[in-house]
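One letter stands for each residue in the lines below.
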Amino acid sequence: MKKGSVLVFGGAGYIGTHTVVELVGAGYGAVIADSLSNSEASAVEGVRRITGVDVPFEQVDACDEKALRGLFERYPFDAAIHFAAFKAVGESVDDPLKYYRNNLTSFMNLCSLMREFGRPDILFSSSATVYGEADVLPVTERSPRMPATSPYGKTKQVAEDILHDCCAAYAGMRGIALRYFNPIGAHPSALIGELPRGVPQNLVPYITQTAAGVRPCLSIFGNDYDTPDGTCLRDYIDVVDLARAHVAAVERMVQGRMKSSYEVFNIGTGRPVSVLELVEGFEKANSVEVPHKFAPRRAGDVPAVWADTELAAKELGWQAERPLEETLRTAWAWEKHLRGME
């Protein structure tokens, strides 16, 4: 028996597809809406194969309010998740207007229509970038939001503020922002995973493409940071664990268990891993070589950030479960599936 239905904006993307799989597995209906500007329709087919459900898909740009309105008129969903943001830090530094226009317009359209149609529950895909260069680590939900180091990070801060203010102003509206850290890995089936277009902007797809011979060499940006091995420290979370956190947050909203109309949770593992440690861990987990070299620091990168996950464990009843080694194996299995290397 279905618990209700969730509209998933950006649902054909990396985190969106995995979240839809987990929603369906937990008994929810789901509708995928995606512009396919940075994703592929084949990912929707992967979701359908894993779940055995013909999940509805609508090709819609969330910045197009008229088209978005049509979704609200056609589908009686109960909650919505916003994954429809562009997310490459470096690209946002090079083209900030692209990020402000897409990330904020799409989110404001969603909030406006959710209010108009009387659908109260909005789950926002936020990011650890809102903490900027934190003074104290690990960061908790009470850590101050520092000045963002990229336009991408600024859009996440502003969207959080929009959701907070809407929940405060409009009776009945509820929102949760999940500040997650660095999603990696793929579904164990190897039917869905991260599918970057062109040169990958994220670390693990670049690692897997280098291991597969698609890229000649991986560049590690900066080896002179004040960290144990000089490379950046991050909190790498398995994408399936992350997807489960979204299910827990949806349930908290629709079951009326929120303690206020707007809540924030860190979603990570709580364990810092350096970029170099991740590369070497991938090589060991998969018995492959990843040619790599050090390069100058990259604009917008912070030296270190990782999560305190105590609040998510207490309030959402969620915690990361999959070991890093297993996650890195799924990333390689997905890459081999894409390249026909099985």
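Before reading on, note that the structure itself is shown above.
One structure accompanies this document, and this report is about it.

1. A short note on the overall build of the protein
Then, number 1: A count of helices and strands for the protein gives 11 helices and 13 strands.
Then, number 2: Relative to the compact-globule value of 20 Å for 342 residues, the protein shows a C-alpha radius of gyration of 19 Å, a close match.
Then, number 3: Referenced to the eigenvectors of the C-alpha coordinate spread, the extents of the protein come out at roughly 55 × 45 × 40 Å.
Then, number 4: Counting every position in the protein, which comprises 342 residues, the buried fraction comes to 56%.
Then, number 5: Taking all contacts inside the protein whose residues are at least 6 apart in sequence as the whole, residues at least 24 apart take part in 79%.
Then, number 6: Just so you have it, the protein exposes about 14,300 Å², and 50% of that area is on carbon and sulfur atoms.
Then, number 7: Here the protein contributes 35 positive and 44 negative side-chain charges, whose respective centroids are spaced 3 Å apart.

2. Thoughts on unusual backbone geometry
Then, number 1: Of note, the amide linkage connecting L137 to P138 takes the cis form, showing an omega dihedral of 0°.
Then, number 2: Here P138 is to be found in the loop between β5 (121–127) and α6 (151–169).
Then, number 3: At L36, a position not held by glycine, the phi torsion is positive, near 60°.
Then, number 4: Along the chain, the position of L36 falls in the loop between β2 (29–34) and α2 (41–51).
Then, number 5: Residue classification places L36 among the buried residues on the basis of a relative accessible area of 14%.
Then, number 6: Even without glycine at this site, A190 takes up a positive phi of about 65°.

3. Re helix α9 (residues 275–286)
Then, number 1: Given a rise of 1.5 Å per residue, 12 residues ought to cover 16 Å, and the 17 Å separating the end C-alpha atoms of α9 matches this to within 8%.
Then, number 2: Looking only at α9, the buried set comprises V275, L276, L278, V279, F282, E283, A285 and N286.
Then, number 3: Positive phi shows up at S287, right after α9, with a value of about 55°.

4. A word on the nonpolar core
Then, number 1: Ranked by internal contacts, the top residues of the largest apolar core, which has 39 residues, are L178 and I267.
Then, number 2: If you list the elements that add at least two residues to this core, you get β1 (5–9), α1 (14–25), β2, α2, β6 (174–180), α8 (239–254), β11 (262–267) and α10 (310–316).
Then, number 3: Counting residues per element, this core draws most heavily on α8, which supplies 9 residues.
Then, number 4: For L178, the contacting residues outside a window of four places in its chain are L123, F124, S125, S126, S127, A245, H246, A249, F265, I267 and L316.

5. Section: the sheet that holds β2
Working definition: the strands of a sheet are paired by backbone hydrogen bonds and lie parallel or antiparallel to each other.
Then, number 1: Spatially, 7 strands are ordered β3-β2-β1-β4-β5-β6-β11 in an open sheet, and the strand pairing comes out parallel. Looking at which strands have only one partner, the edges of the open sheet turn out to be β3 (57–59) and β11. Strand-to-strand twist across the sheet, computed as the mean angle between neighbouring axes with direction ignored, equals 20°.
Then, number 2: Strand direction decides the pairing type here: β5 and β6, joined by 7 bridges, are parallel. Looking at the pairing, S126 lines up with R179 of β6.
Then, number 3: Across the sheet, α1 lies against β1, β2, β4 (79–82) and β6, angled at about 175° from β1, the strand it touches most.

What counts and what doesn't
- Residues numbered from 1 in each chain as written.
- Predicted model: local features only at pLDDT ≥ 70, side-chain atom pairs only at ≥ 80, totals over all residues.
- Heavy atoms only, no water.
- Helix = DSSP H or I, 4+ residues; strand = E, 2+ residues; numbered from the N terminus.
- Rg over C-alpha atoms; globule rule 2.2 N^0.38 Å.
- Buried < 20%, exposed > 50% of the residue type's maximum accessible area, 1.4 Å probe, protein only.
- Contact = heavy atoms within 4.5 Å.
- Areas by Shrake-Rupley, 256 points an atom, 1.4 Å probe, with all protein chains shown as cover.
- Lys, Arg positive; Asp, Glu negative; His and termini not counted.
- Charge placed at Lys NZ, Arg CZ, Asp CG, Glu CD.
- Expected span 1.5 Å × (residues − 1).
- Core = buried A, V, L, I, M, F, W, Y, C linked by side-chain atoms within 4.5 Å.
- Pairing = 2+ DSSP bridges.
- Axes fitted to C-alpha atoms, helices over the stretch in contact; angles between N-to-C directions.

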